[in-house]
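So you can see what is in the structure, the chains are spelled out below.
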Amino acid sequence: EFVTGVSRAMYFMKMMDTIPCEQEEKYREYIEVRKKHIPLQHITGVQEFMGYEFNVNEHVLVPRQDTEVLVEEALKVIKPDMEVLDMCTGSGCIIISLMKFAKQISGTAVDISEEALKVAKSNADKLDTPVEFIRSDLFEEVKGQYDLIVSNPPYIRTAVIEELKEEVKFHDPFFALVGKG
C-alpha cells in the first residue's frame, strides 16, 4: 500500500494487476530494510493515532494504541478553556489529539529532545493545531499553571531493555524509554 498507493480495499479489485518494475524494486528494498527490524513506521514515516496520521522517525517513540486510552480518559475530564500540558511529548500525538477532539483548549508540549520537538511541530502544522512547544528537562523551563497535565513518560527499567523486541530496543530513542541516556 505504501509503495503502490493502492489501498487494501482497492487491492482486492486489482489483485491480478502487475506493478511497475520500479515499484517492485522499491518494495523489495523496503523488505530488506524491514528484515533488519527497522520499525515499519520508520520506513513509512507515519503512524495512525486516534484517527490521525502522525509523522514519526527514529527521534520519537512510535505512538501505540494503548496510549490512546490516556487520550480517551483525559477527554472525559477536559472542559473548554482548560490549559493542558503534555510532558515528554515525543511526536506530539497526545496533545494534538486532545486539542483536535476537545476543541477550545490551550495546549503546551514539553520535551527534552530538540529532534522530538521538530517532529511534534511538524505534526502540529500538518494537523493545523496551535500547540506551544517548550524544550525542557521536565518542568525546568515550564512557567505558569495548568488545569491538566498528561504524560507518557519514560518508564522502562534499564534492566528490562534487553527483553524488549528488537524494533523497540534498537530503534526507539533510549532516553524516551528509560528517561536517561
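Above this text is the structure in question.
Below: a short report on this structure. Here, residues in each chain are numbered from 1, in the same order as that chain's written sequence. Totals for whole chains, interfaces and linings use all residues, but because this is a predicted model, local features are given only for residues with pLDDT of at least 70 and pairs of side-chain atoms are given and counted only at 80 or more. Note that water and hydrogens are dropped before the side-chain values are worked out from all heavy atoms of the structure.

1. Observations concerning the sheet that holds strand β5 (residues 131–135)
Here is the rule: Two strands are said to pair when DSSP picks up at least two bridges between them. Going along the chain from the N terminus, every DSSP run of H or I of four or more residues is numbered as a helix, and every run of E of two or more is numbered as a strand. As a rule, the C-alpha atoms of each element are fitted with a line to give its axis, helices using only the stretch in contact, and angles between N-to-C directions run from 0 to 180 degrees. Should any heavy atoms of two residues lie within 4.5 Å, those residues are considered in contact.
The 4 strands lie next to each other as β5-β4-β3-β6, forming an open sheet whose pairing is parallel. The open sheet is flanked by β5 and β6 (148–151), the only strands paired with a single partner. Taking each pair of neighbouring strands and ignoring which way they run, the sheet shows an average axis angle of 20°. Examined bridge by bridge, strand β4 (residues 106–111) and β5 share 5 bridges and lie parallel to one another. Its bridge partner lying in β5, Thr108 is registered against Glu132. Its contacts with the sheet place helix α5 (residues 93–102) against β3 (83–87), β4, β5 and β6, and it is angled at close to 175° to β4.

2. Digging into the pattern of salt bridges
What counts, and what does not: Between Lys or Arg on one side and Asp or Glu on the other, a salt bridge is scored when a side-chain nitrogen of the former is within 4 Å of a carboxyl oxygen of the latter. Residue burial is assigned from relative accessible area. The probe radius is 1.4 Å, only protein chains are included, and a residue is buried under 20% of its type maximum, exposed over 50%, and partly exposed in between.
Taken as a whole and judged by the stated rule, the model has 7 salt bridges. With its nearest N and O atoms 3.1 Å apart, the salt bridge here joins Arg28 to Glu24. Remark: Glu24 and Arg28 occur in helix α2 (residues 21–34); sequence separation between them is 4 residues, near one turn of the helix. Overall, Arg28 belongs to the exposed group, its relative accessible area being 53%. Judged by its relative accessible area of 32%, Glu24 is partly exposed. A salt bridge links Arg135 to Glu114; the nearest nitrogen and oxygen atoms lie 3.9 Å apart. Linking Arg135 in strand β5 with Glu114 in helix α6 (residues 114–126), this pair joins segments that are 21 residues apart in sequence. Take Glu114: its relative accessible area is 35%, and that puts it in the partly exposed class.

3. Quick look at a nonpolar patch on the surface
Definition in use: Patch membership requires over 30% relative accessible area and the absence of a salt bridge. Like charges are linked within 9 Å, and nonpolar side chains (Val, Leu, Ile, Met, Phe, Trp, Tyr) within 5 Å. Using a 1.4 Å probe, accessible areas were evaluated by the Shrake-Rupley method; residue-level cover was limited to the displayed protein chains.
A contiguous nonpolar surface patch, about 500 Å² in accessible area, is contributed by Tyr11, Phe12, Met15 and Met16. Counting through the fold element by element, Met16 comes out in the loop between α1 (8–14) and α2.

4. Thoughts on the nonpolar core
Applicable threshold: For this analysis, a nonpolar core means a set of buried residues of the types Ala, Val, Leu, Ile, Met, Phe, Trp, Tyr and Cys, connected via side-chain atoms within 4.5 Å.
Within the largest apolar cluster, 24 residues are counted, with the highest numbers of intra-cluster contacts made by Ile78, Val84, Leu98 and Val131. When contributions to this core are tallied by element, the ones reaching two or more residues are α4 (65–77), α5, α6, β5 and β6. Per-element accounting of this core gives the leading share, 6 residues, to α5. Excluding residues that lie within four positions of it along the chain, Leu98 makes contacts with Val71, Ala74, Leu75, Ile78, Val84, Lys103, Ile105 and Val150.

Structural measurements only, silent on function.
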